[in-house]
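Topology and contacts: notes
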Amino acid sequence: MASLRALECLVAVADSGSITQAARLLHSSQPAVSHQLATLERETGTTLLRRESRGVRLTPAGRAAVADARRAIEAAASAVRSARAAGEASGGSLRLACAQSLVSVLAPVIREWHRRHPEVAITLRESTSPDELHGFIDSDEADVALMPAPVPGRFTTTAVAEEEIVLTAPTGHPLAARPAVRLDDLEGAPLVHFAPENGLSAWLDRSFARAGVRPEPVMRTAVTTAAPQLAAAGLGIAVCPVSAVSDGFPGAVRSFSPRWVRQLVAVTSVEPDPLAALFIRNLRNHGVHVPRGVRTQLAADNLTSEKTRPPS
């Protein structure tokens, strides 16, 4: 395939009508330009220019090649501009994926990017299945996925935040009267649980089993943010990430004792490129937003509860 330099030489000769002038335009030597043109003619198997007393003239084949050569040169320049813009977060595209419950974590950062980096096109896919999120990265359908740890070792992960796992309940529920709740307190409790297609379902089941606790599922939902709302409506209790509890939540929110947290990670297939790395840094700086009303309910608990890793 013809080198970009050879195509540049052909275009310069077409514009100047002289190999000498073309060499000056390209800041090169006349022999170097002639060599590139000779190589291009060998590759095409035809004569592209004729030397005349006053310079050179393109043959019909040369004129036909020049149009495509100009487009190839512009495409190469455009590729460089696009790569530079992506590296400087002034252009390009960023394909994001996240666990359904973490949309609220991504949203403030995406809003900030729309304001600060309007030339970057951002798309978002969400899922309740860890395997599907892994698949988005494996199949190159997403550049960055935000999800809870752990993830398979074939990926590159960057820790961005820790998120608390909390209990939600109706305001008058007996557990709501306690400053903090232990996992043992959930034995036999009516539980608004997650549907099997939501990865939180199996994750919580493993946690309960390891703690020797057996709550009683009374309803299941695939939507992470629906569980605390159903609990607040009086259907039972729900155990969920704090990011699933919305502003103005009408029920009670309680920490566990010891405090239960999970690590959130940004997942990429390899080391993140400059655009993805900048977004991940912004995610880490922003952390997990907890609505003021929820923070108020949890504040007293967090002062006295021991911080620990989840029992799963």
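Moving on to the overall build of the protein. The helix and strand inventory of the protein stands at ten helices and 13 strands. For the protein, whose C-alpha radius of gyration is 30 Å, the value lies well above the compact-globule estimate of 20 Å for 312 residues. Projected onto its principal axes, the C-alpha coordinates of the protein cover approximately 100 × 30 × 30 Å. The buried share among the 312 residues of the protein stands at 44%. Here the analysis covers contacts within the protein between residues at least 6 apart in sequence; of these, 77% occur between residues at least 24 apart.

On to the pairing of strand β3 (residues 93-99), then. Within β3, five of the seven residues are buried, which leaves it mostly tucked inside the rest of the structure. Viewed along the sheet, the connection from β3 through helix α5 (residues 103-116) into strand β4 (residues 121-127) turns out right-handed. Alignment of β3 against strand β5 (residues 144-148), held across three bridges, turns out to be parallel. Looking at β5, one finds that A97 is bridged to A145.

Looking at the largest pocket, its volume works out to about 600 Å³. Contributing to the lining of the largest pocket are 30 residues, with P130, P148, A149, P150 and W203 lying nearest its centre. At the level of elements, α6 (130-138), β5, α7 (199-211) and β12 (259-268) are the ones that each hand at least two residues to the lining of the largest pocket. A per-element tally of the lining of the largest pocket places α7 first, with six residues. Partitioned by chemical class, the residues of the lining of the largest pocket number 14 nonpolar, eleven polar and five charged.

Here we come to the pattern of salt bridges. Pairing between side chains becomes possible if they bear opposite charge and their charged atoms approach one another. In this structure the tally under the stated criterion is twelve salt bridges. Here R95 ties to D140 by a salt bridge, and the two come within 3.0 Å at their closest N and O atoms. In this pair, R95 is assigned in strand β3 and D140 in the loop between α6 and β5, connecting sequence segments 45 residues apart. Notably, a salt bridge pairs E187 with R214, separated by 3.6 Å at the nearest N-O pair.

The next thing to look at is the nonpolar core. In terms of nonpolar packing, the biggest core is built from 69 residues, with L94, L146, L186, V239 and F279 touching the most fellow members. It is strand β6 (residues 156-169) that provides the largest number of residues to this core, a total of six residues. L186 has contacts with L167, L175, V181, F208, V213, R214, P215, I237, V239 and F256, leaving out every residue within four places of it along the chain.

Our next topic: the environment of V288. Topologically, V288 is positioned in the loop between α9 (274-286) and α10 (292-304). Linking V288 and E163, residues 125 residues apart in sequence, is a C-alpha distance of 6.7 Å. Those residues in contact with V288 that lie beyond four places of it in its chain are V105, A161, E162, E163, V242, S243 and L264.

Conventions we followed
- Residues numbered from 1 in each chain as written.
- Predicted model: local features only at pLDDT ≥ 70, side-chain atom pairs only at ≥ 80, totals over all residues.
- Heavy atoms only, no water.
- Helix = DSSP H or I, 4+ residues; strand = E, 2+ residues; numbered from the N terminus.
- Rg over C-alpha atoms; globule rule 2.2 N^0.38 Å.
- Buried < 20%, exposed > 50% of the residue type's maximum accessible area, 1.4 Å probe, protein only.
- Contact = heavy atoms within 4.5 Å.
- Right-handed = clockwise from strand over helix to strand, strands pointing away.
- Pairing = 2+ DSSP bridges.
- 1 Å grid on protein atoms, 1.4 Å probe; cavity = no way out; pocket = protein on both sides within 12 Å on 5 of 7 lines; lining within 4 Å.
- Points joined across faces, edges and corners; volume = space filled by probe spheres on them.
- Nonpolar A, V, L, I, M, F, W, Y, C, P; charged D, E, K, R; others polar.
- Salt bridge = Lys/Arg side-chain N within 4 Å of Asp/Glu carboxyl O.
- Core = buried A, V, L, I, M, F, W, Y, C linked by side-chain atoms within 4.5 Å.

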